[in-house]
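For reference, the chains in residue letters:
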Amino acid sequence: MGSIDIIKSCLDSIHQTADQVADAIVYLDAGSFEAFQFVGAFPLLLELGARAICSLENVSSLDAVVNWKSNFEDPAKKIVVITSRLLSDAHRYILRCLSMHSTVHHCMIFTSISEIAHSAYIDTPLGPDAFREYESLLLQDYEEFMCKHKLVKPDEAEETKPHEEVLLEDEGWQQLDSNEELTSSPGSGSTERLLGQSNASKGSSKLTVSVTHFPMILCPLSPGVFVLPSEGAVAEACLSIDHDDSVSPGLPAISNGAASDGEDIPPGATLTAHFLYHLAEKMDLKMEVFSLGDLSRNIGKILMDMSSLYDVGGRGKRSAGLLLVDRTLDLLSPCLHGDSLVDRMFASLPRRERMAFAPHTKDSNPQNKAVSCGLQRAPLDVRIPLESILSENGSPKNGFPFSKSMQSFVSGWSSNDKGSSVTSLNDQSGKVTNAIHVGCSETGFLSGSLVSTENHLGVRYLEALLDRKTKDGALLIKKWLQDALCREKLHLSLNIRPSPANVSELHSMIKLLASTQASLIRNKGIIQLAMAALVALSEPRSSRWKAFTNAEKILNFSATDTSQSLCGQICDLINKSSLVGSFENDKSKKSQQSLLSFQDAIVLAITGYILAGQNFATSGSGGPFSWEKEHSLKEAFADAILECSQELNFGFLRGLEDDLEAHRKKLASEKMEGTSLEQPTIDFEDQWGSWDEEDTEHNSEHIYGDMQLRLEIRDRVDHLFKVFHKLSGLNRNSISRGSLSIDDYSSDDTLGNRGLLYKLLRLTLEKDDIPGLHYHSSAVGRFFKSGFGRFGLGQAKPKFGDQSVLFVFIVGGINTVEIREAREVVVETGGPVVDLLLGGTTLLTANDMFDLLLGSSSYI
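Keep in mind that what you see is a predicted model, and the values were worked out from it rather than measured.

Q: Looking at this model, I keep getting lost on the overall build of the protein chain. Mind explaining?
A: Helix and strand content of the protein chain: 33 helices and 15 strands. When burial is assessed residue by residue, the protein chain has 51% of its 860 residues classed as buried. By sequence separation, contacts in the protein chain at least 24 residues apart represent 80% of the contacts at least 6 residues apart. A total accessible area of about 40,400 Å² is found for the protein chain, and carbon and sulfur atoms account for 51% of it.

Q: Can you help me understand the packing of helix α10 (residues 267-282) against helix α11 (residues 294-306) in this one?
A: Each packed pair of helices is defined by two parameters, the angle between the axes and the distance between the axes. The interhelical angle for the contact between α10 and α11, taken along N-to-C directions, is 50 degrees, at an axis separation of 9 Å. With respect to each other, α10 and α11 are oriented oblique. Seen along the crossing, α10 lies across α11 with a hand that is right-handed. Residues Ala269, Thr270, Thr272, Ala273, His274, Leu276 and Tyr277 of α10 form the contact with α11, whose own contacting residues are Leu295, Ile299, Ile302, Leu303 and Met306. For the contact of α10 with α11, the per-class residue count stands at 9 nonpolar, 3 polar and no charged.

Q: What is the right way to look at the pattern of salt bridges in this model?
A: A pair can form between side chains of opposite charge whenever their charged atoms are brought close. For the coordinates displayed, the defined rule picks out 32 salt bridges. Its salt-bridge partner being Lys478, residue Glu505 comes within 3.1 Å of it at the nearest N-O pair. With Glu505 in helix α20 (residues 503-513) and Lys478 in helix α19 (residues 470-487), the pair connects residues that are 27 residues apart, well separated along the chain. Of the two residues, Glu505 and Lys478, both sit in the buried class. Measuring nitrogen to oxygen at the nearest pair gives 3.1 Å for the salt bridge that ties Arg716 to Glu712. With Arg716 and Glu712 both in helix α29 (residues 694-728) and 4 residues apart, the pair spans about one turn of that helix. A network of salt bridges, in which partner residues are shared, links Glu34, Glu231, Arg352, Asp381 and Arg383.

Q: When you look at the nonpolar core in this model, what are you seeing that I'm missing?
A: Among soluble globular proteins, nonpolar side chains are generally buried collectively. With 137 residues, the main nonpolar core has Phe36, Phe226, Met345 and Ile477 as its most contacted residues. A total of 11 residues in this core trace back to one element, the largest contributor, which is helix α22 (residues 524-537). Residues within four places of Phe36 in sequence aside, it is in contact with Ile14, Leu28, Ala41, Phe42, Leu45, Ile82 and Phe214. Formed by 60 residues, the second largest nonpolar core is a distinct cluster that contains Phe548, Ala636, Ala640 and Val717.

Rules of the game
- Residues numbered from 1 in each chain as written.
- Predicted model: local features only at pLDDT ≥ 70, side-chain atom pairs only at ≥ 80, totals over all residues.
- Heavy atoms only, no water.
- Helix = DSSP H or I, 4+ residues; strand = E, 2+ residues; numbered from the N terminus.
- Buried < 20%, exposed > 50% of the residue type's maximum accessible area, 1.4 Å probe, protein only.
- Contact = heavy atoms within 4.5 Å.
- Areas by Shrake-Rupley, 256 points an atom, 1.4 Å probe, with all protein chains shown as cover.
- Axes fitted to C-alpha atoms, helices over the stretch in contact; angles between N-to-C directions.
- Parallel < 35°, antiparallel > 145°, perpendicular 65-115°, else oblique.
- Left-handed = near helix turned anticlockwise from the far one by under 90°.
- Nonpolar A, V, L, I, M, F, W, Y, C, P; charged D, E, K, R; others polar.
- Salt bridge = Lys/Arg side-chain N within 4 Å of Asp/Glu carboxyl O.
- Core = buried A, V, L, I, M, F, W, Y, C linked by side-chain atoms within 4.5 Å.

Structure, rendered in C-alpha cells:
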C-alpha cells in the first residue's frame, strides 16, 4: 500500500463534489477558505466548473457577476456552501446568501461537522436527524424572509433595504427549540426538500436544499502533517471548563488521573473525537487508539463508543495506531523559540484578519456560555508582502498595471455608498490605484500565502522546509531560487557565493525572478516562500529572535543551578524590558531596539516557571521560589507595568486600561516638562500652614490615585502569579520525569532540549513502554478480556509501535519544531519504515501560547 498522503485525500474529496460544483457559485466560510488555500484547491474548483469562489461571511449580490468561465451566460441556478462551522452558526449567512440570488434553484451545503456531532454538541438546537431538520428549517426561514420581502413596495425598497439587512442578522432560530418537532415529507429518506412557489421570481421556481457531510476540511502543511482551520468549529471549541485545573480554554486541563463524566467533557473533546473518527474512515484506516492525558483519554473513550468501524468491517483497511496526547503535558516546547525557519515565518509574518462572525447562542446561563464560547485563534493564513518587491521593479507601466476594467470592477466592488453619483472612470482610476497601493500591507491585495502543494520537480517546498533548521532551510531556498533563475535564463550581476544564504542575496534573486509577469506567474511558489523567509530573517526580527533564544538558553542553564539563580534571571529580564519603552523614541540609542519588550519578558517568565517546576520542589509560597524571592519578582512586575510607555493588552490588566493610559500620559508630560519621574512626597512639617491651599489638596489626591493604582496592579500581579504556579506544577508527573530521564540516553545527544513528542516516538520506535499510556480496547477486545480471558484465550494487548501507520494527534496544538524533531527521530532510530502522520488542533507559536495563557483567549 502507498504512503499516507493527507493532501491527496483532501483533493480526492473535492473531486467527488464535481457534479455539485459544476456551474455553481461556491461559497466558503473562513475556516474552509483557510483549509482550501493550504491544499491549493482553488484551481481545482475552477477546473471542476465553478463559476466563482466567494466568501460566505462577506456575501454580496455582486458575486453573481463574477464569472471565471466565459461559456456561462445564463444566471447561476445553484450555489454550493462549504462550511467548517455548525449549521446553526452558519445559518444566518446561508440565509443571506440565498436572499442575494433570487435565480438560484439548488442550494448544496457541505459541512465538516457530522450529523451525530451536531446532535451531541451542547449549543445546537438540532437533533439526531440534524441534516434533514436543518434542510426543512432553512426552507421555512427562507420562505418567511421572501414573504417579508414581497410585502415591501417597489418605491420603498431602496429606503428600507438597510433595515432589512439588519433584520436578516437575527432571521431564523429565534423560535427554534431543541425539542421542536419538525414535519418531514414521507419517502425513502431523501435529503432534499422542495419549496413551492417562490416569491422572488416571476415564474414557477422551486428551491431544493441538501446537506452533506464533508470531513476533509483541514490545513495540510505536508502530506504527513496537518492542523485544523483556526476559524473552524473544532479548533474554536473550548478544550477545558474553567476550574482549578484549567490553564486556558484552548488547552486541556491539567491531568490528575481522575475520570470525567459526560457533563464535564468540554465541547472541543466531542468535536475532536468525531472529526478523528470520520478522518480515519475517509482514509481507510483501522485504528487502535491510545491516549496520554485526561482529556485525550475522554476523546479516546468517545471514539470507542461510536466506532463500530473498529470492531467489524475493517477488511481492506490499513492498521494504524492513533496516539492522543494532551498539550498540557508539554507546554514548554511551544513556548520556546526553536531552530525552525517555518516557525520564524509564522511568528514574523502578519496574519489575515479574522472574519467578522457572530455565532448562534441561545443559552442565557453564564456558566454554559463559558463552556460553549468560541476561541479567537489567530488565522493560519499569513500575509507575505509581495507588493514591496513588485514595486521595486519599476512603475506600473513597466510592471503590473491595473487595467481600466479592473479598476472599474474594484471600484464597484468596494463601493459602500450606494446613493452616490457615479464619477468618471478616469477620476476613479487614481483613487482605486491609490487605495490598492496604500492597503496592500494591510488587506493583502498583493500579498502571498503559503500553499502546501507548491513544488519544485516534485519536491513540495513547505514539506522540505519542515524537515530543516533555519540555516539549512535558508540555504535550500537559495538553491531553489538559483535553479529558477537558470530555467528563466536570468543572470544575476551579483556574485553568489556557496555559503549560507544572507538577506541581501535572497532579496536580489527574488527581485530578478519577479522582474517580469511571466516569470512571476511561473515561479510564484518559490517567490512567495523566499519572501516569507526574507521577512523572517531580516532586521529587527532576526535580532529579536536571537535575543529570545539566548535568554531561553540562560534560563535553561540557571534551571540546572539553583532556584535563586533562575528567579534572579527572570527578575533581570523584567527589569530590562521596561527600558525598551524608555528609549523607543530615542534615535541615539538605536541599539536598544534589540531588547525584548515587556510582553516578551512575560513569555520568558512563563518559560522560567515551567523550567522551575521541572527542576525544583514547591516552596511554602505555592510556587518553586521562596516567598522573599517571589515577592521581589512581583514588585519588579508591578514597577515594569507602571513604567511601561506602551499600551499593555493583557488579560490580567483588563479594566485598568484607562487608568494606565492616564498614568502613561502623566509620565510623558512630566518627561517633556523636565520634571522628576519620582513620585512626590508630602513634607508634613512644611505643610502645616497651608492645609487649605489647592495645590496641597491636588498633590494629595494625585498621590492617593497613584497609590491606589499601584495597589490594584499588585492584586492583578498576584492573580498572574497564580497562573505561574499552575504552570510550574504541570510537569510533576511520571510522563515528563521517570523513565524519560535524560540519563537514559547518550550524552552526545541528550533529550534535555527535546520535546515530549520526540521522547514518545523514540520510546515507541525502540519498542519501550510509555509510562501512563492508556489503550482503548474495542467492544470485541473487552469481550475477549472479560469472557474468554478466564480460560486463557484473551487477546494480547496491542502496542502503539506495532502498527504500520503511526498517527499522533496533539490535543491543543502542535508546533513546527516538534514536527521536525518527530521526523528526525524516525530517521535516527533506523528501524522498519513506518508511515508517520502528525496532527494537532492548531499550529502554535510562542505568541499563540501567550494569547492562550494570558491574552484574549485565556481565563485570567
